[in-house]
Amino acid sequence: MLKRLTPFTVLAVTATAGLIAATLVLVTVLNQPWLGVGLSADAQSGLVRVATVAPGGPATALPAGVPLAAVGGIPIEAGDLVEEPDVAESYAALERFFDRQGALHAALAGGSVILETGGPSGLQVEVTPIAGRPLSSLPPTVWVQLVTGLVSVIVGAWVWSLRRNELSAALLALAGLAILVSAFPAAVYSSREIAMPGGLFRVLSATNHFGALAFGVAMVALFLSYPRRLVPASLLWLLPAVYGAIWALDTIWIGFPGPAEGHHLPTVTLMAGILLGALLQYRASRDDPAARAAIRWFALSVGLCAGTFVTVVLMPNLFGMQPTISQGYAFILFGMLFLGVAAGVARYRLFELEGWAFSVLSYFGAVLLLVVFDALLISFVAIDRPEAFAVSLLGVALLYLPFRDWLARRLIKRREIDREELFTRIIDVALTTDASRESRWREVLRDAFTPLQMSAVSAPAPEKPAISEDGLSLLLPGLPGLAPLKLSHAHSGRRLFSPQDRRFAGELYAMLAHAIASRDAHEKGAAEERVRIARDMHDNMGAQLLSALHSERRERKDTLIRETISDLRDIVNNAARGGKTASDLLADLKVEALERLAAADIRLDWQDTCEDGERTLAPNVAYSLRSVLREIISNTIRHSGADAMRVRIDISDGLLHLQASDDGSGLSEGVQGKGNGLSNLEARLLALKGTLSLEDAGPGLTVRASFPLGGGDAK
């Protein structure tokens, strides 16, 4: 039935049940007698002091800072305020603790109670406790334990709802439920002001123990079955059977001397079993990068969280010492451990774990080193705490942080290849036009990522490099002449593809795409230039040579041959230098115009202005200007009968303006209509997006032409 529920329904039901349980916890906590005092205990002297008194509370008449000797005639002890009762030395001491809790609670719940203070000026203050404590009086540990339990059970249910047929997901869900079962009872008794009913306290403590052992059993079973099955499933049932019996014996207080052996020692053995299972899984998954990445999640979580919990909470209890942190806050470590394991079971972003693990471990190492330095300086050098902390912080900054940066550079450098060599090889791939381009590109990728397998992508290729299959594969898009590829098992299968690998692949892809596009653009430009040169030679030079061949006048023949040689020189120079500058072109045109007009006994008045003489003009622009000017000069020589000609050329603001006038007979007497020459001029300027105008106002003819320097191709 549960398997038919949708993931949303599973989450909704789990969250609702968790909130109902959290509400019951809060109701139980709030329905306890409240004095409005905060007590602190000195374990060495055994004194209990009134640390704080809540304003407006029942015990406002009690001065803060005084020792509290008795409550309702019952002498109060430092052990009555312990947060966790299983710190008792024996079951007999634990039974005495619960009996005292029952007696103290009965005194507080019976109406008014006499609070006796110790010291020379002992007081007896009659106080009437409030039947229910206010919500604002709850310590932060209550909320920490409630949130940890709720988050754990919801995350466990979420992972199970997505992977219902997997044993690992079911075990993870049980572990999340176990955290809630352990944290919620602890939230009740650890937040008590002084005492609570002894029978309820004992039930809550046993439930807390059950949840803690159930969490350990579920985690050990998980590590023995995921990601590789290390033992048969039937053997996994031995764990709940053995530890269930241990819990039962510990609950009825037989078979063990006390809680240290009946609860804490089994919990420590389960934590050791988790570590052992993680190590065995890591060894078994050496040929599976995805499984090994999941184990890294486990190892990171267990090493940091469970190890810290055992060190600061369980180990002190085993040796009869007080824990260094509150158990309520220690549940945060359980929650973090559980979330890390859940991420591994859900295979969440396994490919990013390597970078996260290095960062987390390095910062954890810095904190640990700081604490160790501080403790050594205080214990053995006898430096005061502020000075010791400052010296420790300086030592970490000067020694550890540079070492961390050096280690990070070493790890990163070991995986990189020579970028300059790589750039050269990519250019070689881009310039290769035969079938070897594919093999050369694959060689570059093989050296960059050393994948175990490389294959073409049959499915629709991605638009950019992308990680797939939880980091097992890296997908690369295709390029002109190159098929999209799938790279599997990075770095010879030792690890998963990471976001750094994806970004590096993106750089390679962009570099190759740019190189191929540049080569294609160059080849396209070269092809267009060859076509233009061939067209100019065919349309202009060929026509000029043919006209010279059939011309009967020697002067005409010489002029055509001279123009053809000049055109040929321009074609060769432009091909070699990539075009002429504006000043060079104007100088050549002036020399050519002088030669032609001088041969016809026509004086030339030439003037040009150029805003940027070093600007290189496109070949089609230079050729069009030369052709326009030649046609105007040819018409002047043939038809005008002029004695002088004036030429003005101005190049500025991206435009070229040409004005040519003569003192001849003008258009009407020289030519009827525009003629072929002027029609050709008009067509050429139209192709350049320019304009042409004729002014025949006498004497002579004035031709004005203008076109942009970036105009279209001349025809």
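Rules used in this analysis
- Residues numbered from 1 in each chain as written.
- Predicted model: local features only at pLDDT ≥ 70, side-chain atom pairs only at ≥ 80, totals over all residues.
- Heavy atoms only, no water.
- Salt bridge = Lys/Arg side-chain N within 4 Å of Asp/Glu carboxyl O.
- Helix = DSSP H or I, 4+ residues; strand = E, 2+ residues; numbered from the N terminus.
- Buried < 20%, exposed > 50% of the residue type's maximum accessible area, 1.4 Å probe, protein only.
- Expected span 1.5 Å × (residues − 1).
- Contact = heavy atoms within 4.5 Å.
- Core = buried A, V, L, I, M, F, W, Y, C linked by side-chain atoms within 4.5 Å.
- Patch = residues over 30% accessible without salt bridge, like charges linked within 9 Å, V, L, I, M, F, W, Y side chains within 5 Å.
- Areas by Shrake-Rupley, 256 points an atom, 1.4 Å probe, with all protein chains shown as cover.
- Pairing = 2+ DSSP bridges.
- Axes fitted to C-alpha atoms, helices over the stretch in contact; angles between N-to-C directions.
- Phe/Tyr/Trp six-rings, centres within 6.5 Å; stacked < 30°, edge-to-face > 60°.
- Lys NZ or Arg CZ within 6 Å of the ring centre and 35° of its normal.
- Parallel < 35°, antiparallel > 145°, perpendicular 65-115°, else oblique.
- Nonpolar A, V, L, I, M, F, W, Y, C, P; charged D, E, K, R; others polar.
- pLDDT = per-residue confidence, 0-100.
- Left-handed = near helix turned anticlockwise from the far one by under 90°.

Attention now goes to the pattern of salt bridges. In this structure the tally under the stated criterion is 11 salt bridges. Across the pair E592 and R630 runs a salt bridge, and its minimum N-O distance is 2.6 Å. With E592 in helix 17 (residues 582-599) and R630 in helix 18 (residues 619-640), this residue pair connects regions lying 38 residues apart in the sequence. With relative accessibility at 7%, the residue R630 sits in the buried group. Each of E77, D80, R96 and R100 takes part in a single network of salt bridges with overlapping partners.

Here helix 6 (residues 238-252) spans 21 Å end to end across 15 residues, near enough to the 21 Å set by a 1.5 Å rise per residue. Along its buried surface, helix 6 packs onto helix 2 (91-109), helix 5 (198-225) and helix 7 (259-284). Following helix 6 by one or two positions, W253 adopts a phi angle in the positive range, close to 65 degrees.

This part is about the nonpolar core. By size, the foremost hydrophobic cluster in this structure holds 33 residues, and its most contacted members are W606, I632, M645, V647, I649, L656 and L658. For this core, the secondary structure elements donating two or more residues are helix 17, strand 11 (603-610), helix 18, strand 12 (644-652), strand 13 (655-662), helix 20 (675-687) and strand 15 (702-708). In terms of residues, this core owes the most to one element, helix 18, which gives seven residues. When residues no more than four places from it in sequence are discounted, the contact partners of I632 are M645, L658, A660, L681 and V703. If you look at the next biggest cluster of nonpolar residues, it comprises 31 residues, including A157, I179, A218 and M219.

So, on to a nonpolar patch on the surface. A cluster of nonpolar residues, L230, L276 and L280, forms a patch on the protein surface that exposes about 240 Å² of accessible area. Its location among the elements puts L280 in helix 7. With relative accessibility at 39%, the residue L280 sits in the partly exposed group.

So, about the sheet that holds strand 12. Pairing within the open sheet is mixed, and its five strands lie in the order 11-12-13-15-14. Each edge of the open sheet is held by one strand with a lone partner, namely strand 11 and strand 14 (691-695). Within the sheet, the average angular offset between the axes of one strand and its neighbour, ignoring direction, is 10 degrees. Of the strands in this sheet, strand 11 and strand 12 are in contact with helix 17, which crosses strand 11 at around 175 degrees. Its contacts with the sheet place helix 18 against strand 11, strand 12, strand 13 and strand 15, and it is angled at close to 10 degrees to strand 13.

In this fold, E89 is placed in the loop between strand 4 (74-75) and helix 2. Note on E89: relative accessible area 75%, which makes it exposed. Sequence separation between E89 and G258 is 169 residues, and the spatial gap between their C-alpha atoms is 6.1 Å.

On to the packing of aromatic side chains, then. By the definition in use, this model includes eight aromatic pairs. By the ring-pair criterion, three or more aromatic residues cluster together here, those being Y91, F97, F98, Y189, F201 and W253. A cation over an aromatic ring shows up here: R202 above the ring of W253, its NZ or CZ 3.6 Å from the ring centre.

What follows concerns the environment of P139. Among the structural elements, P139 can be located in the loop between strand 6 (124-127) and helix 3 (140-162). The partly exposed category is assigned to P139, whose relative accessible area is 24%. Residue contacts for P139: discarding those within four places in its chain leaves R133 and S191.

Interaxial distance between helix 2 and helix 5 falls to 7 Å at its minimum, and their mutual angle equals 135 degrees. By the angle between their directions, the pair helix 2 and helix 5 is classed as oblique. Taken together, the residues of helix 5 that come into contact with helix 2 (itself represented by F97, F98, Q101 and G102) are G198, F201, R202 and S205. Of the residues assigned to the contact of helix 2 with helix 5, the class counts are three nonpolar, four polar and one charged.

Moving on: the confidence of the model for the protein. Put simply, the protein has an average pLDDT of 79, and 75% of its residues get 70 or more. Least confident of the elements in the protein is helix 19 (residues 667-670), whose mean pLDDT is 55; most confident is helix 6, at 95. Between residues 348-353, whose pLDDT stays under 50, and residues either more than four places distant or in other chains, the model counts 24 contacts. Note on residues 669-673: pLDDT under 50 across the span, and four contacts to partners over four residues away in sequence or across chains.

The sheet contact formed by strand 12 and strand 13 spans eight bridges and is antiparallel. Its bridge partner lying in strand 13, I649 is registered against L658. Between the end of strand 12 and the start of strand 13, which pair antiparallel, lie two residues, with D653 showing a positive phi angle near 55 degrees. Of the pairings in the sheet, the one linking strand 13 to strand 15 comprises seven bridges and is antiparallel in character. Each bridged residue has a counterpart across the sheet, and for L658 the counterpart in strand 15 is A705.

It is worth spelling out unusual backbone geometry at this point. In most cases, non-glycine residues show a negative phi, while peptide bonds are predominantly trans. With a phi close to 65 degrees, W253 is a non-glycine residue in the positive phi region. Relative to the helices and strands, W253 resides in the loop between helix 6 and helix 7. One non-glycine residue, D653, lies in positive phi territory at about 55 degrees. Counting through the fold element by element, D653 comes out in the loop between strand 12 and strand 13. According to the relative accessible area criterion, D653 is exposed, its value standing at 65%.

What follows is about the sheet that holds strand 10 (residues 485-488). One open sheet holds the four strands; their spatial order is 7-10-9-8, and the pairing between them is antiparallel. Unpaired on one side and paired on the other, strand 7 (453-456) and strand 8 (466-468) mark the two borders of the sheet. When the angles between neighbouring strand axes are averaged without regard to direction, this sheet yields 25 degrees. Two elements, strand 7 and strand 10, share four bridges in a ladder whose sense is antiparallel. Each residue of the ladder has a partner; that of A456, found in strand 10, is L485. Against the sheet, helix 13 (residues 436-449) contacts strand 7, strand 9 (473-476) and strand 10, and its axis sits at roughly 30 degrees relative to strand 10.

Here the focus is the packing of helix 3 against helix 4 (residues 167-189). Two numbers describe how helix 3 lies on helix 4: the axes approach to 8 Å, and their chain directions differ by 165 degrees. Judged by the angle between their axes, helix 3 and helix 4 are roughly antiparallel. Both helix 3 and helix 4 take part in a crossing whose hand is left-handed. Residues V142, Q145, L146, T148, G149, L150, S152, V153, G156, V159 and W160 of helix 3 lie in contact with helix 4, whose contacting residues are A169, A170, L172, A173, G176, L177, I179, L180, A183, F184, A186 and A187. Of the residues that constitute the contact of helix 3 with helix 4, the class distribution is 17 nonpolar, six polar and no charged.

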